[in-house]
Amino acid sequence: MAALFRKLRRGTWINDDPYYLYDISNNLNMYCNVSRHRWKATFKHDYCSTPWRIASTTAAVILLILTCYLR
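Please read these numbers as outputs of a predicted model, since none were measured by experiment.

K.L.:
An account of helix H1 (residues 2-9) is needed here, citing residue identities and associated values.
P.N.:
Of all 8 residues in H1, 0 are buried; the element is thus mostly exposed. Directly after H1, the chain includes Gly 11, whose backbone phi takes a positive value near 85 degrees.

K.L.:
I'd love a proper account of the packing of helix H3 (residues 35-47) against helix H4 (residues 51-70), names of residues and values included.
P.N.:
It is at 8 Å that the axes of H3 and H4 come closest, and there the two elements cross at 110 degrees. Taken as axis vectors, H3 and H4 run roughly perpendicular relative to one another. Across from Phe 43, His 45, Asp 46 and Tyr 47 in H3, the residues of H4 making contact are Arg 53, Ile 54 and Thr 57. Split into classes, the residues belonging to the contact of H3 with H4 amount to 3 nonpolar, 2 polar and 2 charged.

K.L.:
Before we move on, can you summarise a nonpolar patch on the surface with the specific residues and values?
P.N.:
Together, Tyr 19, Tyr 20, Leu 21, Tyr 22 and Ile 24 make up a nonpolar patch on the protein surface, roughly 610 Å² of accessible area in all. With respect to the secondary-structure elements, Tyr 20 resides in the loop between H1 and helix H2 (22-32).

K.L.:
Account for the packing of aromatic side chains, naming residues and giving values.
P.N.:
On inspection of all chains with the given rule, the structure shows 1 aromatic pair. Between the aromatic rings of Phe 43 and Tyr 47, the centroid separation amounts to 5.4 Å while the plane-to-plane angle is 40 degrees, which identifies the pairing as tilted. Note that Phe 43 and Tyr 47 are positioned in helix H3 at a spacing of 4 residues, about one turn of the helix. A relative accessible area of 41% means that Phe 43 is categorised as partly exposed.

Cut-offs used in this document
Residues numbered from 1 in each chain as written. Predicted model: local features only at pLDDT ≥ 70, side-chain atom pairs only at ≥ 80, totals over all residues. Heavy atoms only, no water. Buried < 20%, exposed > 50% of the residue type's maximum accessible area, 1.4 Å probe, protein only. Helix = DSSP H or I, 4+ residues; strand = E, 2+ residues; numbered from the N terminus. Axes fitted to C-alpha atoms, helices over the stretch in contact; angles between N-to-C directions. Parallel < 35°, antiparallel > 145°, perpendicular 65-115°, else oblique. Contact = heavy atoms within 4.5 Å. Nonpolar A, V, L, I, M, F, W, Y, C, P; charged D, E, K, R; others polar. Patch = residues over 30% accessible without salt bridge, like charges linked within 9 Å, V, L, I, M, F, W, Y side chains within 5 Å. Areas by Shrake-Rupley, 256 points an atom, 1.4 Å probe, with all protein chains shown as cover. Salt bridge = Lys/Arg side-chain N within 4 Å of Asp/Glu carboxyl O. Phe/Tyr/Trp six-rings, centres within 6.5 Å; stacked < 30°, edge-to-face > 60°.

Structural data, given as structure tokens:
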């Protein structure tokens, strides 16, 4: 098995530099570590994933606003 991997590795080039998408992945990780962006993604995933969820979330917010306004 080791001989197979030695044969496969023969003639390959290994780059010690960061991979070519390092900057993009680093910026994406920094973006995802901001809590506001995580909350926004969670809200979209949990409450806006289908048209029915959007409608029910909108109705709930409107009813909550009207309840607070009419008190």
